[in-house]
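Below are the chains, spelled out letter by letter.
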Number of protein chains: 2
Amino acid sequence: MKLELTDLEDFARGAAFLGTGGGGDPYIGKLLAQHAIREFGVPTIIEPEDLADDALVFAIAMLGAPTVLVEKAACGDDIDLAIDKLSERLGRRPDALIPIEIGGVNSTVPLVASARTGIPLVNADGMGRAFPEIQMVTFNVYGSKPTPLSVVDEHLNSAIIDAKDAKTAEDLVRSVAIQMGLSVITANYPVSGDVVKKYAIKHTLTIALEIGRAISQGRKEGCPVEALVNYLRSTKYYKHCKILYDGKITDIKRETTKGFSVGFCRLEPLSGSGDSMEVVFQNENLAAKINGKMVTMVPDLICIVDRETAEPVPVEALRYGQRVKIIGASVPPIMRTPEALDIFGPQAFGLDGPYTPIEDIVMP
Amino acid sequence: MKLELTDLEDFARGAAFLGTGGGGDPYIGKLLAQHAIREFGVPTIIEPEDLADDALVFAIAMLGAPTVLVEKAACGDDIDLAIDKLSERLGRRPDALIPIEIGGVNSTVPLVASARTGIPLVNADGMGRAFPEIQMVTFNVYGSKPTPLSVVDEHLNSAIIDAKDAKTAEDLVRSVAIQMGLSVITANYPVSGDVVKKYAIKHTLTIALEIGRAISQGRKEGCPVEALVNYLRSTKYYKHCKILYDGKITDIKRETTKGFSVGFCRLEPLSGSGDSMEVVFQNENLAAKINGKMVTMVPDLICIVDRETAEPVPVEALRYGQRVKIIGASVPPIMRTPEALDIFGPQAFGLDGPYTPIEDIVMP
């Protein structure tokens, strides 16, 4: 695929949708990518199928709390240094970069990295959505480690972390990120092309762009949410898709704590009485309940969009009185295996399980 | 100098005295060193004067809270890995090791490191005592950085930190140490032989051993505290030395918080009424006040010893009712310059200043 400057708005919006509330404001992500592409040119995006088995691929991401990411964006030098530090540690520069997740800022930071360094970007990612923690990546589910990883702040302080397992890596990188101010750049998951081909969620950059385009086209036709849902139903991954709720936010609790934005929002019908909805989040939306009954849960997508424009609403932008629709969608089978659910299913977040696919709950 | 297995008890006790309450229980330090020397042989100790100007020297230390160090000691592999990781980062192994501080466990961990690796240990240190934070080192006072540094836990998870200044390095290594459980090994301050010769506090391993010997000899003669004070008065660094107080602990507050053991103890006379003493600590004893008036303050030494045996009492072993003497002593001039006081004088710890040397307060 090829991403032009004029595609960035659609791309960032689509990625924000897949970010399921996390990954930071797409507007910030778009600005970062626009700036980098104007300065360094359009990055080369390659298809995962075209990677050599022994190619070295780094995931590149911002890490922190979305509430902070919007205040303190990457400067560019930090992105370069994160790649340099991990390359130095491994004695080899990467042949390609890959987004660790597709969502908000973390779908455009890899574009910036690729534009700045000239290292091609793979049209795929490690989550097929966004998740809050660094172990919640399909590469880890299927045996690859996130370490060694580099972490760099805006003053170019840095750390290289080696950890015995992915959860320890998460704990260590999180404590460093908290100290660095909760908005840092990390290069991680140095994996082979073979691993990317087997375990990445493929072509998600294309899907993000097409989601954004469906919303844009839908706006022109006066039905953006419907256009979005129709497009998702045409995809391989997100095809089980439903508007779970239509209403307004009547209660919201959001804290930036332990390195995350955590909380919940409650919704009521626009007018009159009816079912109530609750969405729980930790950077990303994790669970949606109607009248206390779980209707969609991680790893399936729960996305909050403006009910008129289908604009995805990240958790840091949720506010009292907002009129929204909540969309639930399936994820690829590789993200629903028992191994995957151990890492990013409901129990991994302390939620009541067991995991039940969205299509078995709301569209039986 | 040469340290034999039979010297370790005296050496560890003397180092615990110079640790001024910090650096962890000397008993643990002694066990670690005994074990290493039995397995790997006596380490080679070299004099700072014998270092080549361009020799590469690493400081090596445990870092954390003394209250935790006593529960979770180094395993050995973590020490080796800390040196390996920093060597790998620099592309060169060190020609010598140096204790970052002389105090408790951190005077014997370098012995262990030297015995295990065969890398000579320099008869000197970077503090002339113990301090709680990694920027509080003469090398930093006079322009050398603690980074790059390595930090390793007992599971051999590791981080390499590069920071723009020593305080940022402290903040980052502390956050990693907290996450790793507050008892970690760090190799840091990669400095040249020239820097060690100019700015290290020299021959402190010898002084620690001789302090221990003075206490042992004093015990035989029934006057260990006096023997200790007499020995200190014969040294170049600690010659302004006084028994500040003789009494019992009547109040103690000690918390393990933000990565340190912090608090204070209050003392009253053994019997009857009289002056009261308060000692404030952050891992190490920082200030001693009689009736609320400061009588000794960092960087000068404040050491609490058992009033009968002169056994140094680390902060984690302070307890209600303990009968102790409190000894104050001067430090070398290189530790009392304005630059040095900026880094580890009273104001650096948020204490009332300005710094006044012990000899100007209690022995005018």
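Anything mentioned here points back to the structure above.
Residues numbered from 1 in each chain as written. Chains lettered and ligands numbered in written order. Predicted model: local features only at pLDDT ≥ 70, side-chain atom pairs only at ≥ 80, totals over all residues. Heavy atoms only, no water.

## Describing the pattern of salt bridges
Residues and elements named next belong to chain B. Note the threshold: We define a salt bridge as a side-chain nitrogen of Lys or Arg found within 4 Å of a carboxyl oxygen belonging to Asp or Glu. A run of H or I in DSSP becomes a helix once it reaches four residues, and a run of E becomes a strand once it reaches two; helices and strands are each numbered from the N terminus. Burial classes follow relative accessibility: with a 1.4 Å probe on protein chains only, a residue under 20% of its type's maximum area counts as buried, one over 50% as exposed, and anything between as partly exposed.
Summed over all chains, the structure comprises 49 salt bridges over all chains. Put simply, Asp80 and Arg116 hold a salt bridge, and the shortest N to O gap is 2.9 Å. Here the residue Asp80 occupies a position in helix α4 (residues 77–90), and Arg116 occupies one in helix α5 (residues 105–117), the gap between them amounting to 36 residues. On the basis of relative accessible area, Arg116 is assigned to the partly exposed category, the value being 21%. The salt bridge partner of Glu311 is Arg219, with a shortest N-O separation of 2.5 Å. Separated by 92 residues along the polypeptide, Glu311 in the loop between β15 (301–306) and β16 (323–329) and Arg219 in helix α9 (residues 204–221) bring together distant segments of the chain. A relative accessible area of 25% places Glu311 in the partly exposed class.

## Side note on the sheet that holds strand β13 (residues 284–290) of chain A
All names here are of chain A. What counts is decided by this rule: The pairing criterion for strands is at least two bridges between them, as found by DSSP. Only the stretch in contact is used when fitting a helix axis, every axis being a line fitted to C-alpha atoms; angles between N-to-C directions are given from 0 to 180 degrees.
Taking strand neighbours across the sheet as the criterion, the seven strands line up as β14-β13-β12-β11-β10-β16-β15 in an open arrangement whose pairing is antiparallel. The open sheet has two edge strands with one neighbour each: β14 (293–297) and β15 (301–306). Averaged over neighbouring strand pairs, the angle between their axes works out to 35° when direction is ignored. The pairing of β13 with β14 spans four bridges and is antiparallel. Residue Ala288 lies in a different strand from β14, and its bridge partner there is Thr296.

## Remarks on the relation of the copies chain A and chain B
So the rule is basically this: Alignment of the copies relies on least squares applied to C-alpha atoms, considering only residues that score at least 70 for pLDDT in both.
For the pair chain A and chain B, the superposition axis carries a translation of 0.0 Å, the fit reaches an RMSD of 0.0 Å, and the rotation angle comes to 180°. The relationship between the two copies is best expressed as a two-fold rotation axis. Within chain A, A:Ile160 has its C-alpha nearest the rotation axis, a separation of 2.5 Å.

## Regarding helix α2 (residues 26–40) of chain B
Residue and element names in this part refer to chain B. What counts here: One fewer than the residue count of a helix, multiplied by 1.5 Å, yields its expected span. Contact criterion: two residues are considered in contact whenever any of their non-hydrogen atoms come within 4.5 Å of each other.
Between the first and last C-alpha of α2 there are 21 Å, a value that for 15 residues agrees with the 21 Å anticipated at 1.5 Å per step. Along α2, the residues classified as buried are Pro26, Ile28, Gly29, Lys30, Leu32, Ala33, Gln34, Ala36 and Ile37. Each element contacted by the buried residues of α2 is listed here: α1 (8–18) and α5. Of the residues trailing α2, Gly41 is marked for its positive phi of about 95°.

## Observations regarding the sheet that holds strand β10 (residues 241–257) of chain B
Residues and elements named next belong to chain B. One open sheet accounts for seven strands, arranged β14-β13-β12-β11-β10-β16-β15; its pairing is antiparallel. If you trace the sheet from one side to the other, it starts and ends with β14 (293–297) and β15, each paired once. In this sheet, neighbouring strand axes are inclined to one another by 35° on average, regardless of whether the strands run parallel or antiparallel. Of the pairings in the sheet, the one linking β10 to strand β11 (residues 260–268) comprises nine bridges and is antiparallel in character. Within the sheet, the bridge partner assigned to Lys248 lies in β11 and is Glu268.

## Thoughts on the side chain of B:Thr235
Residues and elements named next belong to chain B. Threshold: By the criterion applied in these results, polar contacts are pairs of N or O atoms within 3.5 Å in which, for protein atoms, one can donate a hydrogen and the other can accept it, and in which residues neighboring in sequence qualify only through two side-chain atoms.
In this structure, Thr235 sits in the loop between α10 (224–233) and β10. Overall, Thr235 belongs to the buried group, its relative accessible area being 7%. At a separation of 2.6 Å, a polar atom in the side chain of Thr235 contacts the main-chain carbonyl oxygen of Leu232.

Purely spatial values, then, with no claim about function.
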